[in-house]
Amino acid sequence: MDNLDKKIGCLANEFADCQKVLAALGDENRQHLILEMMQMGQCKGVRVGEITMRTHLSRPAVSHHLQILKDAGILRVRREGTKNYYYFDPDGCAFSGLLQMLAHAKDILSALPNRSEII
């Protein structure tokens, strides 16, 4: 197995590790929720009801999408009594892993020969 095959194998593992993040970010509703949360500018976190008011989604749908984002490591939740506040993971581990995988993919692709002129 040559070095390129090892790099591709490593990339495949990184890609598998990023599948939850990619799936979470791939949904238009979740993209909309992320953008709304960013625009709200509430560093301490936002509640489901606050997000629901800014979207076309029902409260259960917002909760469902927030759970997926939380499971992917994009969001965290803080509980204060009976209230849950969702906020972006300050460690950014999910995004760091995704960025690392994309950088490795770019490096591998740039090292491959140009195949656009092959007949």
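Each value, and the rule that gives it
Residues numbered from 1 in each chain as written. Predicted model: local features only at pLDDT ≥ 70, side-chain atom pairs only at ≥ 80, totals over all residues. Heavy atoms only, no water. Core = buried A, V, L, I, M, F, W, Y, C linked by side-chain atoms within 4.5 Å. Buried < 20%, exposed > 50% of the residue type's maximum accessible area, 1.4 Å probe, protein only. Helix = DSSP H or I, 4+ residues; strand = E, 2+ residues; numbered from the N terminus. Contact = heavy atoms within 4.5 Å. Expected span 1.5 Å × (residues − 1). Arc of directions from axis to C-beta.

1. Here we look at the nonpolar core
Among the nonpolar cores identified, the biggest contains 24 residues, and Met-37, Ile-51, Val-62, Leu-66 and Ile-74 are the most heavily contacted of them. Of all the secondary structure elements, the ones that give two or more residues to this core are helix H2 (19–25), helix H3 (28–40), helix H4 (48–53), helix H5 (59–71) and helix H6 (93–111). Broken down by element, this core gets its largest block of residues, five residues, from H6. Setting aside residues no more than four positions away along its own chain, Val-62 makes contact with Leu-33, Val-48, Ile-51, Thr-52, Thr-55 and Leu-57.

2. A closer look at H6
Residues spaced three or four apart along an α-helix point in a common direction, a consequence of the helix completing one turn every 3.6 residues. For H6, built from 19 residues, the straight-helix expectation of 27 Å at 1.5 Å per residue is met to within 8% by its first-to-last C-alpha distance of 27 Å. All of the buried residues along H6 are Ala-94, Leu-98, Met-101, Ala-105 and Ile-108. Angularly, the buried residues of H6 cover 90 degrees about the axis, an arc narrow enough to put them on a single face. Those residues of H6 that are exposed and aimed more than 90 degrees away from the buried face are Cys-93, Leu-99, Lys-106, Ser-110 and Ala-111. The elements touched by buried residues of H6 are helix H1 (3–17) and H2.

Interpretation in functional terms is not warranted from these geometric data alone.
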